[in-house]
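# Coordinate inspection notes
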Amino acid sequence: MVPHHRLSAACFDQLAHGTGDAAAVAELRAGQRSRLMLLLRALTEIASAHPRIPGPLPAPREAWNLLIRAERHSPSSVERLLLHPQVGAWLSRCLRRLRGIAEDAEEVPLWLETGHLHTVAASAALLAEIDFRIRVAVRDGGIMLPALGFLDLAGCDSRIAEISTDGEEDRAVLAGSHTVPLPSDLTQDAQGWYALRRLHGPHPEHPCAPYLDDIDPYRDFLRPSPPERLSEPEAQQWQEYFRSAWRLVAEQTTVDPAGVADCLISVVPVRYPARAEPFSASSPEAYGCVLLNSPADSATLAASLVHEAQHIKLSALLDLVPLLRGGMEEVHYAPWRADPRPLRGLLHGVYAFLGVAAFWQARRHAVPSEPIGRAADFEFALRRAQISRGLRTLRAHAELTPMGDRFLRGLENSLADWLAEPVPEGPLRAADGVNLDHRLLYRMHHLRPDRDRIGQWAHAWRLGQPPPGALPTTVLRAARTAVATRPALIRLRLRDPAGFARLREEPKAHPLGGAGTPIQADVDWAAGHTEDALRGYRDQLAAHPDDLPAWAGLALTLPVGPAREALLGCPEVVLSVHRALRTEDGGGPDPVALAHWIGSRP
């Protein structure tokens, strides 16, 4: 918690309803500034007493003193630097290392990581436009000045450089025998200087211009990374996507676009392997930073921006106001995640997807035509159902503070109107199917029935006896999860009917990125050809009896009856009994017959 920093009731109530205007975000930002200043002071104190610091650099207090001098001259400049997300990411990582709790502590020498404090101070002095002189570390072949840019010192093998300024025109870096002038305009590229680019989302009322960060070593808060400059065509493509996506964000008003804009300080392109859904991430340690894979389309990018802005707001709020007590065990089902989550993570998901649901709710009313309108209907129905389930779990299991209860009531009130909104049958049925698919896969991956009881069930099957009456108890054991292609196929069918038609003709020729290559049964299910899909899933399980997405597909396509009831109600039991009955060559009972037997229990 940030001491001595109070949040106004008006700000809290806005946030509790899933929104937050520029004034509310400004209050959160002030809390973050206080937090980061405290962390900087703590780092200076710990580093000053550490036996392996400062190495070849000046004492940490020299950097601290320069930072304080810059703040006295220009408080707004230092605030801008403190709130630069990559400074927060570095601070948290560095403090963990100094306390001996970082996992990858040997990747970068401790003096070098701690010495980033000196480049932070240099950036503050440059932003405040004061004269100074300070030695800094050379890293990745140059010097990263946070919130400004990267100075390339190619060919210089010195570990240390000195930055000095004397008036506006005399600004230089001395590294070994090299003297490199700093450009007069640090916002533009120059020889050996890579300025932080910006993305521009123009709008008459709600413009947004975050950094497009491809150079800061702490831009990816998941792991330090050397500079990886985007080419001009790549940067321009990001700009085009962002411009069109921001127009969609600015047009909706449920999640205040001015507040979203003020949450987005830097966008970091990452090249993580493709996933079933677009990748985006934010961190409470890097306030205002969003990691993004290359976007698939402007609407998906817009939803991701709103989603991460919600995370950013809630993280900053939790630094100021306690909402939950405890609840850190990863044991709860989250309808949007493949893995079990703690209650704090569940609250984050509910809040983030409340913003996403608001975005799609606005889109479906703004563009009711096919196919965009149907896709928006689906996304809205999908997310509101997930939020509703998440809220029920929080109500049932979370130990809420009084403010936490007030916060949850605000979220429940915001959701109530959306739950009453009619959604066309096709998109609604598709959303229900995807949510059911997700729950089935989660149960089969993570719930383990009691082994002895499963043995009794298998024994009863072999003897031709009725199944035991009571279901086996289960325990939660997190496991790696297989990815189902069905959600991606539903989205393709709704957003791009022509593309889906091409895929139906030759599924193996059209892989779905991170969702993999669909099997014919999945395509038939997404097309609504349930009988064909059922035959396909039975064939798939005959050849691959441990294909969990095929087991879930079987449950989705069976007609009403005991077999369907068993696979929907206790899929982990059907799967476990089937495994117990398999022979050495991998053969086993017919899955439908086994499910019917289990579903016929008293």
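None of the values given here were measured: they were computed from a predicted structure. (Residues numbered from 1 in each chain as written. Predicted model: local features only at pLDDT ≥ 70, side-chain atom pairs only at ≥ 80, totals over all residues. Heavy atoms only, no water.)

### Topic: the sheet that holds strand β6 (residues 178-181)
Pairing is antiparallel across the open sheet formed by four strands, whose spatial order is β1-β4-β5-β6. The outermost strands of the open sheet, each flanked by one partner alone, are β1 (132-137) and β6. Averaged over all pairs of adjacent strands, the angle between strand axes in this sheet comes to 20°, irrespective of strand direction. Sheet analysis places β1 next to strand β4 (residues 160-165), joined by six bridges and oriented antiparallel. Directly across from R135, in β4, lies its bridge partner E162. The sheet strands contacting helix α7 (residues 116-128) are β1, β4 and β5 (171-175), and the helix crosses β1 at an angle near 145°. (Pairing = 2+ DSSP bridges. Helix = DSSP H or I, 4+ residues; strand = E, 2+ residues; numbered from the N terminus. Axes fitted to C-alpha atoms, helices over the stretch in contact; angles between N-to-C directions. Contact = heavy atoms within 4.5 Å.)

### With respect to the side chain of E308
As for its placement among the helices and strands, E308 is situated in helix α10 (residues 298-318). In this structure, E308 is buried with no salt-bridge partner, the nearest side chain bearing the opposite charge being R337 at 9.3 Å. One polar contact links E308 to H307, side chain to side chain, over a distance of 3.1 Å. Not counting residues up to four positions away in its chain, the partners in contact with E308 are S280, A281, S282 and V290. (Buried < 20%, exposed > 50% of the residue type's maximum accessible area, 1.4 Å probe, protein only. Lys, Arg positive; Asp, Glu negative; His and termini not counted. Salt bridge = Lys/Arg side-chain N within 4 Å of Asp/Glu carboxyl O. Polar contact = N/O pair within 3.5 Å; in protein donor to acceptor, adjacent residues only side chain to side chain.)

### Concerning the packing of aromatic side chains
Applying the stated criterion to the full structure yields nine aromatic pairs. When the ring of W336 is compared with that of F353, the centres are 5.4 Å apart and the planes differ by 40°; the resulting orientation is tilted. Of the two residues, W336 is situated in the loop between β13 (324-325) and α11 (343-366) and F353 in helix α11; the sequence distance between them amounts to 17 residues. Residue W336 is classed as buried on the basis of its relative accessible area, which comes to 16%. You can call F353 buried: its relative accessible area is 9%. (Phe/Tyr/Trp six-rings, centres within 6.5 Å; stacked < 30°, edge-to-face > 60°.)

### Focus: the sheet that holds strand β12 (residues 289-292)
Spatially, the five strands line up as an open sheet ordered β8-β9-β10-β12-β11, and their pairing is mixed. Two strands in the sheet have a free side with no partner beyond their single neighbour: β8 (197-198) and β11 (280-281). Here strand β9 (residues 211-212) pairs with strand β10 (residues 266-269) via two bridges, running parallel. In the strand pairing of β10, L212 is matched with V267.

### Section: the side chain of R582
Mapping R582 onto the fold places it in the loop between α22 (571-581) and α23 (591-599). Classification of R582 as buried rests on a relative accessible area of 18%. Reaching out from R582, the side chain makes a polar contact with the side chain of D546 at a distance of 3.0 Å. Side-chain polar atoms of R582 contact the side chain of H578, separated by 3.0 Å.

### Describing the state of the cysteines
By the definition in use, this model includes zero disulfides. This cysteine, C94, is not joined by any disulfide, and C289 carries the nearest cysteine sulfur, 18 Å off. (Disulfide = S-S within 2.5 Å.)

### Details of the pairing of β12
Residue alternation in β12 divides its side chains into two sets, C289 and L291 and V290 and L292, and both sets are buried. Across four bridges, the pairing between β10 and β12 is parallel. Pairing of P269 across the sheet is with L292, part of β12. When β11 meets β12, the two strands line up antiparallel, connected through two bridges. When the sheet's bridge partners are listed, S280 is paired in β12 with L292.

### So, helix α1 (residues 9-16)
Among the residues of α1, those classed as buried are C11, F12, L15 and A16. Projected down its long axis, α1 shows its buried positions confined to an angular sector of 130°, all on one face. Remark: G18 follows α1 within two positions and exhibits a positive phi of approximately 85°. (Arc of directions from axis to C-beta.)

### Re the pattern of salt bridges
Throughout the structure, instances matching the rule amount to 36 salt bridges. Close ionic contact of R271 with E228 constitutes a salt bridge, the shortest N to O distance being 3.1 Å. Residue R271 is located in the loop between β10 and β11, and its partner E228 is located in the loop between β9 and α8 (232-251); the two are separated by 43 residues in the primary sequence. A relative accessible area of 53% places R271 in the exposed class. Relative accessible area serves as the criterion here: at 45%, E228 is assigned to the partly exposed category. In this structure, a network of salt bridges that share partners links the residues D189, R197, D214, R229 and E232.

### Regarding the nonpolar core
Most often, soluble globular proteins have nonpolar side chains that are buried together. Of all hydrophobic cores here, the largest spans 201 residues; its most connected members are W90, L317, F407 and I598. Once residues lying within four places of it in the same chain are set aside, the contact partners of W90 are L40, L43, E113, T114, H116, L117, V120 and Y218. (Core = buried A, V, L, I, M, F, W, Y, C linked by side-chain atoms within 4.5 Å.)

### A word on the pairing of β6
Side-chain direction in a regular strand flips from residue to residue, so the side chains alternate between the two faces of the sheet. Bridge analysis of β5 against β6 gives four bridges, and the strand direction is antiparallel. Note on β6: the bridge partner recorded for A175 is H178. The hairpin formed by β5 and β6 contains two residues between the paired strands, and G176 there has a positive phi angle of roughly 60°.

Just geometry here; none of it tells us what the structure is for.
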